[in-house]
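The primary structure of each chain is shown beneath.
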Amino acid sequence: MNIPVRMYPLVILVTATLLAAATAPAVADGKRKPSPADPAWQEECGSCHIAYPPRLLPAGSWQRLMQGLGDHFGSDASLEPQRAAAIEAFLVANAGRSKDGVTAPPLRITETPWFRGEHDEVATAKWRSPAIGSPANCGACHTQAERGSFDEDEIRIP
Ligand code: HEC
Ligand code: HEC
């Protein structure tokens, strides 16, 4: 390869970025500190349920979700295209990492392997109890879910 000298900084930057991506943990883990918020995301994605923090799903999942807002788990969550694009950009920029080899990114946080692993102690019947209703109802047990925090010591199972 014959790279002009003035391009060297760019080449170094790209290489460093690729290396960082390759060595980062390969899971979308939910344990890190709350990611930055975005007013449009908070408003549009926090009206029917909590605004699920972007780190809880990989970028591919958010892209799939944002492409299908017209039929969003049986609800119409469609948005004006520009607003949807801005929210998608925020979600993708702050997304969790996907597991290597995952070809179809899940649409649900509750279907990811890390979610199942973290919640294997919750009995199946418990998820459907009236006080919870759905595993997607994070706030039923995670008392600080509204602000994107899922720490163990904040859990209270109803
Ligand atoms: C009109 C109401 C509504 C709006 C607005 C809405 N959602 Fe949802 N969303 C739902 C419903 C209903 C479900 C299914 C909940 C369940 O299974 O209990 C859901 C589920 C989800 C799930 C899967 C949760 C899981 O792990 O099971 C994600 C992720 C999600 N929504 C993201 C978004 C994003 C991102 C936005 C904003 C662009 C958004 N939602 C806006 C109604 C809405
Ligand atoms: C039925 C109650 C319940 C619901 C609903 C629930 N969780 Fe949990 N969650 C738990 C329990 C119990 C644990 C395990 C805590 C432990 O390891 O001691 C847990 C663990 C976690 C952890 C790991 C916390 C840590 O510090 O290790 C994360 C992240 C998490 N949940 C996110 C979510 C998200 C996101 C949702 C909604 C999509 C959700 N949970 C819904 C009960 C619940």
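This text goes with the structure placed above it.
In this text the structure is predicted, and so the values were computed from the model without any measurement.

Q: Is there a simple way to think about the pattern of salt bridges in this case?
A: Pairing is possible between side chains that carry opposite charge, provided their charged atoms lie close to one another. By the definition in use, this model includes three salt bridges. With a shortest N-O distance of 3.3 Å, Glu-43 and Arg-83 are connected by a salt bridge. Within this pair, whereas Glu-43 is found in helix 2 (residues 39-45), its partner Arg-83 is found in helix 4 (residues 81-93), the two being separated by 40 residues in sequence. Arg-83 sits in the partly exposed class, given a relative accessible area of 27%. In this structure, Arg-83 engages Glu-44 in a salt bridge whose closest nitrogen and oxygen atoms are separated by 2.6 Å. Note that Arg-83 is positioned in helix 4 and Glu-44 in helix 2, a separation of 39 residues in sequence. Each of the salt bridges in this network shares a partner with another, and the network as a whole consists of Glu-43, Glu-44 and Arg-83.

Q: Looking at this structure, I do not really get the coordination of the iron atom of ligand 1. What am I missing?
A: Expected angles at a metal are 109.5 degrees for tetrahedral coordination by four donors and either 90 or 180 degrees for octahedral coordination by six donors. In this structure, His-49 (NE2) and His-72 (NE2) serve as the protein donors to the iron atom of ligand 1, at separations of 1.9 to 2.0 Å. Around the iron atom of ligand 1 sit six donor atoms; with metal-centred angles ranging over 86 to 179°, the donor geometry is octahedral. Of this pair, His-49 sits in the loop between helix 2 and helix 3 (59-67) while His-72 sits in the loop between helix 3 and helix 4, and the two are 23 residues apart along the sequence. Owing to a relative accessible area of 17%, His-72 belongs among the buried residues under this scheme.

Q: Any chance you could explain the site of ligand 1 here in plain terms?
A: In the vicinity of ligand 1 lie 22 residues, with Cys-45, Cys-48, His-49, His-72 and Arg-108 positioned nearest. Take the shell around ligand 1: its biggest share by element is three residues, from helix 3.

Q: Looking at this model, I keep getting lost on helix 4. Mind explaining?
A: Side chains that are three or four residues apart share a direction in an α-helix, a result of its 3.6 residues per turn. The end-to-end C-alpha distance of helix 4 is 18 Å, a good match for the 18 Å that 13 residues give at a rise of 1.5 Å each. Burial in helix 4 covers these residues: Ala-84, Ile-87, Glu-88, Phe-90 and Leu-91. Taken down its axis, helix 4 places every buried residue within 160° of arc, on the same side. For helix 4, the exposed residues lying more than 90 degrees away from the buried face are Pro-81, Gln-82 and Ala-93.

Q: Would you mind going over the site of ligand 2 with me for this structure?
A: Lining the immediate environment of ligand 2, one finds 21 residues, of which His-119, Cys-138, Cys-141, His-142 and Phe-150 sit closest. Between ligand 2 and Glu-152 there is a distance of 3.4 Å, counted from an oxygen atom to a side-chain nitrogen or oxygen. The dominant element in the shell around ligand 2, judged by the number of residues it contributes, is helix 5 (residues 113-118), at three residues. Among the residues making up the shell around ligand 2, the classes are represented as twelve nonpolar, five polar and four charged.

So, how was this worked out
Residues numbered from 1 in each chain as written. Chains lettered and ligands numbered in written order. Predicted model: local features only at pLDDT ≥ 70, side-chain atom pairs only at ≥ 80, totals over all residues. Heavy atoms only, no water. Salt bridge = Lys/Arg side-chain N within 4 Å of Asp/Glu carboxyl O. Helix = DSSP H or I, 4+ residues; strand = E, 2+ residues; numbered from the N terminus. Buried < 20%, exposed > 50% of the residue type's maximum accessible area, 1.4 Å probe, protein only. Donors = N, O, S within 2.8 Å, 3.2 Å for Na, K, Ca; no water. Tetrahedral: all angles 85-135°; square planar, octahedral: opposite > 155°, others 65-115°. Near = heavy atom within 4 Å. Expected span 1.5 Å × (residues − 1). Arc of directions from axis to C-beta. Polar contact = N/O pair within 3.5 Å; in protein donor to acceptor, adjacent residues only side chain to side chain. Nonpolar A, V, L, I, M, F, W, Y, C, P; charged D, E, K, R; others polar.

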